[in-house]
Amino acid sequence: MKLKSIAIVLALGTLSLGGCSTTDVYSGDVYRSSEANRAQTVTFGTIVSVRPVTIQAGDKDPNVLGTVGGGVVGGMLGHQVGGGSGRSLATAGGAILGVMAGSKIEDKASQISAVELGVRTDAGEDLVIVQKADRSWQAGQRVRLIGTHSNMSVVPY
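This one's a predicted model, so the numbers in the text were calculated from it and none came from an experiment.

Observations concerning a nonpolar patch on the surface
Turning to step 1, where the next piece is worked out: Taken together, the side chains of Ile96, Leu97 and Met100 make up a nonpolar region of the molecular surface, amounting to roughly 330 Å² of accessible area.
Turning to step 2, where the next piece is worked out: Inspection of the secondary structure assignment puts Met100 in helix H3 (residues 84-109).

A word on the sheet that holds strand E4 (residues 142-148)
Hydrogen bonds between backbone groups are what pair the strands of a sheet, and the pairing can be parallel or antiparallel.
Turning to step 1, where the next piece is worked out: Here 5 strands make up an open sheet; going across it, the order is E3-E2-E1-E4-E5 and the pairing antiparallel. Looking at strand neighbours, the two that pair on one side only are strand E3 (126-132) and strand E5 (151-156), the edges of this open sheet. For this sheet, the mean inter-axis angle between neighbouring strands, taken without regard to orientation, is 40 degrees.
Turning to step 2, where the next piece is worked out: Both strand E2 (residues 111-121) and E3 contribute to a ladder of 7 bridges, which runs antiparallel. Following the sheet pairing, Glu116 is matched in E3 by Val130.

A word on the pattern of salt bridges
Turning to step 1, where the next piece is worked out: Scanning the model with the defined rule gives 3 salt bridges in all.
Turning to step 2, where the next piece is worked out: Close ionic contact of Arg51 with Glu116 constitutes a salt bridge, the shortest N to O distance being 2.9 Å. Remark: Glu116 occurs in strand E2 and Arg51 occurs in strand E1 (residues 42-56); sequence separation between them is 65 residues.
Turning to step 3, where the next piece is worked out: Among the salt bridges present, the one from Asp122 reaches Arg142, with a minimum N-O distance of 2.7 Å.

Digging into the environment of Leu127
Turning to step 1, where the next piece is worked out: Following the sequence through the fold, Leu127 ends up in strand E3.
Turning to step 2, where the next piece is worked out: Take Leu127: its relative accessible area is 12%, and that puts it in the buried class.
Turning to step 3, where the next piece is worked out: Ignoring any residue separated from it by four or fewer positions in sequence, one finds Leu127 in contact with Leu117, Gly118, Val119, Thr121, Leu145, His149 and Met152.

About the criteria used
- Chains are numbered independently. Their residues run from 1 in the order of the written sequence.
- Since the coordinates come from a predicted model, pLDDT governs what is reported: local features require at least 70, and pairs of side-chain atoms require 80 or more to be given and counted, while whole-chain, interface and lining totals use all residues.
- Hydrogens and water molecules were not included; the side-chain quantities draw on all heavy atoms of the structure.
- Only residues whose relative accessible area exceeds 30% and that form no salt bridge enter a patch; like-charged residues are grouped when within 9 Å of one another, and nonpolar side chains (Val, Leu, Ile, Met, Phe, Trp, Tyr) when within 5 Å.
- Here the Shrake-Rupley method, with its probe set to 1.4 Å, supplies the accessible areas, and only the displayed protein chains count as covering residues.
- We count a salt bridge whenever a side-chain nitrogen from Lys or Arg sits within 4 Å of a carboxyl oxygen from Asp or Glu.
- Only DSSP runs of H or I covering at least 4 residues are called helices, and only runs of E covering at least 2 are called strands; the numbering of each starts at the N terminus.
- By definition, two strands form a pair when at least two bridges between them are found by DSSP.
- Helix axes are fitted to C-alpha atoms over the stretch in contact, other axes to C-alpha atoms as well, and angles between N-to-C directions run from 0 to 180 degrees.
- Burial classes: relative accessible area under 20% of the type maximum marks a residue as buried, over 50% as exposed, and values in between as partly exposed (1.4 Å probe, protein chains only).
- In what follows, a contact means two residues having at least one pair of non-hydrogen atoms within 4.5 Å.

Below is the structure:
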């Protein structure tokens, strides 16, 4: 029984760590190490639209921790029910429900509030940049666009 308790605590701890991954990389105020000590292109513009959106983080290995951890915890909890073949069915059912719940929990925990900024550059180009909603933006606000089209941040001017 003590081993089962330890396994449950470890599985829950693993699930909890999934939410600890940093989401600041989506902020306009955070630079990646590869961007430090490098010249960045700066473009000036004006915000023409602001729309709240959500970034779903964890595109590389979606829901692995939640799925595995949920299955383990669900299977352990299901194993505590009944006896004989009923216990086997409860274990399997608990594992299946745990996989579904763990996946949904991790999916929700990996979402970041973001903003979609429509910007018209001083050169007349219309751009849309999505980044973490860590400050308030308003249409008509002057901004600096730092970086290139594949990696651009919007910061106040």
